[in-house]
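Chain and residue survey
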Amino acid sequence: MTYSETYTAWKSDPEAFWAEAAKEIDWITPPTRIFNPDAGIYGRWFDDAICNTCYNTLDRHVEAGHGERTAVIYDSPVTGTRRSYSYDEVLSEVASLAHVLASRGVGKGDRVVIYMPMVPEAVFAMLASARLGAVHSVVFGGFAAKELATRIDDAAPKAVISASCGIEPGRVIAYKPLLDEAISIAGAKPDFCVILQRDTQPCDLTEGRDIDYRAAVDAAISAGAHAGCTEVAATDPLYILYTSGTTGQPKGVVRDNGGHMVALKWTMKNHYDINPGEVFWAASDVGWVVGHSYICYAPLLHGCATVIYEGKPVGTPDAGAFWRVIAEHDVVSLFTAPTAFRAIKKEDPAGSLIGDYDLSGFRSLFLAGERSDPATLAWAGEKLGVPVIDHWWQTETGWTICGNPLGLGLLPIKPGSPGVPMPGYDIHVLDDDGHPVPAGTLGNIVARLPLPPSCFPTLWNADDRFRSSYLDDFPGYYATADAGIIDEDGYVSIMARTDDIINVAGHRLSTGAMEEVIASHPDIAECAVVGAADALKGQLPLGFFVPNDGADRHEAALEKELVALVREKIGAVAAFKTALEVKRLPKTRSGKVLRGTVQKIADRQEYKMPAAIDDPVILDEITAALTARGLLP
Ligand code: COA
Ligand code: AMP
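Residues numbered from 1 in each chain as written. Chains lettered and ligands numbered in written order. Predicted model: local features only at pLDDT ≥ 70, side-chain atom pairs only at ≥ 80, totals over all residues. Heavy atoms only, no water.

Remarks on unusual backbone geometry
A cis amide bond, omega -5°, links T316 with the succeeding residue P317. Positionally, P317 belongs in the loop between β17 (305-309) and α11 (321-329). The omega angle of the peptide bond from L449 to P450 is 5°, so this bond is cis rather than trans. Within the secondary structure, P450 sits in the loop between β24 (443-448) and α14 (463-471). A positive phi angle is found at D330, which is not glycine, with a value near 55°. The residue D330 is located in the loop between α11 and β18 (331-336) in this model. In this structure, R604 takes a positive phi of about 60° despite not being glycine. For R604, the location among the structural elements is in the loop between α17 (595-602) and α18 (617-628). Residue class for R604 comes out exposed when judged on its relative accessible area of 56%. (Helix = DSSP H or I, 4+ residues; strand = E, 2+ residues; numbered from the N terminus. Buried < 20%, exposed > 50% of the residue type's maximum accessible area, 1.4 Å probe, protein only.)

Structure below.
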């Protein structure tokens, strides 16, 4: 079937479409009801089915005789390690780790926070949690103790699984002190922690609380102790993934078990055109949604091998790192963020390192996480000679909203557009009053409810916030918080966020959260953070602050303190490096800071003088501050 036949088939009978897709999953009790519009906030998928996600990622492949197939490839240039694990080995490891957790009281519905670097044990921990019907919450390793504490408080985990350290090029990050600090800040205390000791930098374990990962799992393996798969409802949560919202309080996106498996499995062949047994590589991090869906779950659901890469696109050791991994592990398809390709292109503009490797088996490149600029798309296509496919999705959905389904036949690529809606998504562009706009007109991108399988049914412990953040603005629709256009051929383009989220190197960050940290500094009267365009990372946070009258320090000293504070409270990943002192911030007469206008000034874009501006002279002061710092000519 072609894309258009498939999309039409879905639209004419969504339940029949998803019932067919659901046949790809091994259910304990198959669904008899595909969609129940009366369950949950906007309906629930497969709500009478029983299943286990870990069973579908591991046991069923082993039972089908594929136990010797490679499941996980660990490639770590920062430690000089390469190792493959077969499905048999991963199953043994995961079932034993699940036993370790279960024997200490972790069961169905309990939360398990995972704070790990890019090591295979991070994926094993996710699968062990899924095996028990527990609910994991992975926290990205680049987040600082306070961010980890916020998530521990919200999820109230029974256990935390972590490691002694993470490794960034040129720097070892001791995780244990961060974990200890987070647990001491958090009101909710885990019963125990499982710590993976890494040779690079082991740590002291806290007596009575910490268990040595390797020792405990090895003991379970030698004792033949392993946990079976717990039966869960398809609608039970598989994980919570916290993502940036408009405030410092992250949103706990909930993913269920059944719908998630159905949608992800469908994408492997239809969107990515991958066959079981092939090697798929998502060069992301397990802390992000791309890592959840395409490092951990989807490739394993499909019986593929997945690559866990602990390194960077450049500097580990050079801009040929991605080509080495592809050639060495027979990767057929790579999924990463455009920023990684901008980094490679900057260091090796001629793509000369590509010729050093045999990429004959490489078929396709998928980009997501931020807007793909046409220049990067063209460079990658020309140098690699494979289709380069942009696709758009969000933590909230867990899979592609708009893409170019290679498995259904590649559609013409329109650079700058991530393609067309996938089955399940009825996408519209509305003006701020909720009226549809003509083709080619910029507006709010929304999806008609219900959202398809895998999309979040709610936010963890926050149904009201779910409604107010996503459903209330445009009744009957899910508001994506992305602004864009749909052209006359049905191609969607994503132009900007409609909230204060910025996208830094493919990482989703809240400027509101950074402002909260800056405002907590005793010498700061007020502040604003905007996302300024950056050639490498897409956007970078740019801060403006007004010191208190009594503050006796110079701009440079205050800036240094604010940069350090954001790094300490949010983490290095915020990439907050610049804060300018200004006398005043531009505001509307009702006191709202005009962040959009400030961003346009910083980005050298034309802007209209906001009608409600209180004092237009302040915009000149902002321009002068940027010019004095050399950020404007
Ligand atoms: N643990 C601890 N610190 C981390 C981290 C982690 N897991 N990941 C990143 N950091 C740190 C970095 O070391 C850096 O610290 P620094 O300020 O001391 O240099 C900071 O957080 C910012 O990281 P990042 O924005 O990733 O910048 P970078 O210069 O290290 O790398 C790229 C830039 C483009 C190479 C990198 O961002 C990249 O490969 N991105 C594409 C893939 C991707 O991860 N996409 C996300 C979702 S698809
Ligand atoms: P995250 O939830 O971290 O995956 O970030 C989701 C946001 O990243 C989206 O709402 C978009 O703003 C942006 N985004 C993701 N993919 C794309 C894409 N292909 N093109 C443009 N923006 C994207």
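Notes on the pairing of strand β11 (residues 192-196)
When you tally the buried positions in β11, you get 5 out of 5 residues, the bulk of the element. Relative to β11, strand β8 (residues 159-163) is paired through 5 bridges, and the arrangement is parallel. Looking across to β11, one finds that V160 is bridged to C193. Two elements, β11 and strand β12 (residues 210-212), share 3 bridges in a ladder whose sense is parallel. The residue of β12 that forms the bridge with V194 is I211. (Pairing = 2+ DSSP bridges.)

Here we look at the side chain of T458
Inspection of the secondary structure puts T458 in the loop between β24 and α14. Here T458 falls in the buried class, since its relative accessible area comes to 15%. At 2.6 Å, the side chain of T458 and the side chain of D463 are in polar contact. Setting aside its immediate chain neighbours within four residues, T458 contacts I41, G252, V253, V254, D463 and F466. (Polar contact = N/O pair within 3.5 Å; in protein donor to acceptor, adjacent residues only side chain to side chain. Contact = heavy atoms within 4.5 Å.)

With respect to the pattern of salt bridges
For the structure shown, the criterion picks out 38 salt bridges. The salt bridge involving R584 is made with E621; its shortest N-O contact spans 2.5 Å. On the criterion of sequence distance, the pair formed by R584 in the loop between β31 (578-581) and α17 and E621 in helix α18 is long-range, its members being 37 residues apart. It is possible to trace a salt-bridge network through shared partners that takes in D75, R82, R324 and E328. (Salt bridge = Lys/Arg side-chain N within 4 Å of Asp/Glu carboxyl O.)

Some remarks on the site of ligand 1
Taken together, the neighbourhood of ligand 1 is formed by 23 residues, with E168, R171, K537, R567 and K577 sitting nearest. Separating an oxygen atom of ligand 1 from a side-chain N or O atom of K312 is a distance of 3.2 Å. About the coverage of ligand 1: the protein hides 83% of its 930 Å² of free accessible area. Elements supplying a minimum of two residues to the shell around ligand 1: β10 (171-174) and α12 (338-347). The residue makeup of the shell around ligand 1, split by class, is 10 nonpolar, 7 polar and 6 charged. Among the domains, domain 1 (3-311 + 391-484) and domain 2 (505-628) are the pair contributing at least three residues each to the shell around ligand 1. (Near = heavy atom within 4 Å. Areas by Shrake-Rupley, 256 points an atom, 1.4 Å probe, with all protein chains shown as cover. Nonpolar A, V, L, I, M, F, W, Y, C, P; charged D, E, K, R; others polar. Domains from an automatic or database assignment.)

Considering the sheet that holds β24
In space, the 4 strands of this open sheet follow the order β23-β24-β25-β26, with antiparallel pairing throughout. Looking along the sheet, the strands with just one partner apiece sit at the ends: β23 (427-430) and β26 (492-497). Here the average twist between neighbouring strands, direction ignored, is 50°. In this sheet, β26 lies alongside strand β25 (residues 477-486) in antiparallel orientation, the contact comprising 5 bridges. Considered in β26, the bridge of G484 is made with I494. (Axes fitted to C-alpha atoms, helices over the stretch in contact; angles between N-to-C directions.)

Remarks on the packing of helix α2 (residues 14-22) against helix α9 (residues 258-270)
In a pair of packed helices, the angle between the axes and the distance between the axes together describe the arrangement. Remark: α2 packs on α9, axes separated minimally by 9 Å, with the N-to-C direction vectors making an angle of 80°. Judged by the angle between their axes, α2 and α9 are roughly perpendicular. Counting all contacts with α2, which are made through F17, W18, A21 and A22, the residues of α9 involved are V262, A263 and W266. (Parallel < 35°, antiparallel > 145°, perpendicular 65-115°, else oblique.)

Comments concerning the site of ligand 2
Taken together, 15 residues are adjacent to ligand 2, and H391, T395, D482, R497 and R508 come closest. At 2.7 Å, a backbone N or O of H391 approaches a nitrogen atom of ligand 2. The separation between an oxygen atom of ligand 2 and a polar side-chain atom of Q394 is 2.9 Å. Along the lines of polarity and charge, the residues of the shell around ligand 2 split into 4 nonpolar, 5 polar and 6 charged.

A short note on the side chain of S293
Structurally, S293 can be placed in helix α10 (residues 289-301). Classification of S293 as buried rests on a relative accessible area of 0%. Not counting chain neighbours up to four residues away, the residues in contact with S293 comprise Y239, H260, L264, A298, P299, W393 and G398.

So, the packing of aromatic side chains
Considering all chains together, one arrives at 36 aromatic pairs under this definition. Here a set of aromatic residues connected by ring pairs shows up, and it is made of F17, W18, W27, F35, W45, F46, W266, W399 and Y425. In this structure, R151 is placed above the aromatic ring of F143, and the distance from its NZ or CZ to the ring centre is 4.5 Å. One Lys or Arg, K414, reaches over the ring of Y491 and ends 4.7 Å from the middle of that ring. (Phe/Tyr/Trp six-rings, centres within 6.5 Å; stacked < 30°, edge-to-face > 60°. Lys NZ or Arg CZ within 6 Å of the ring centre and 35° of its normal.)

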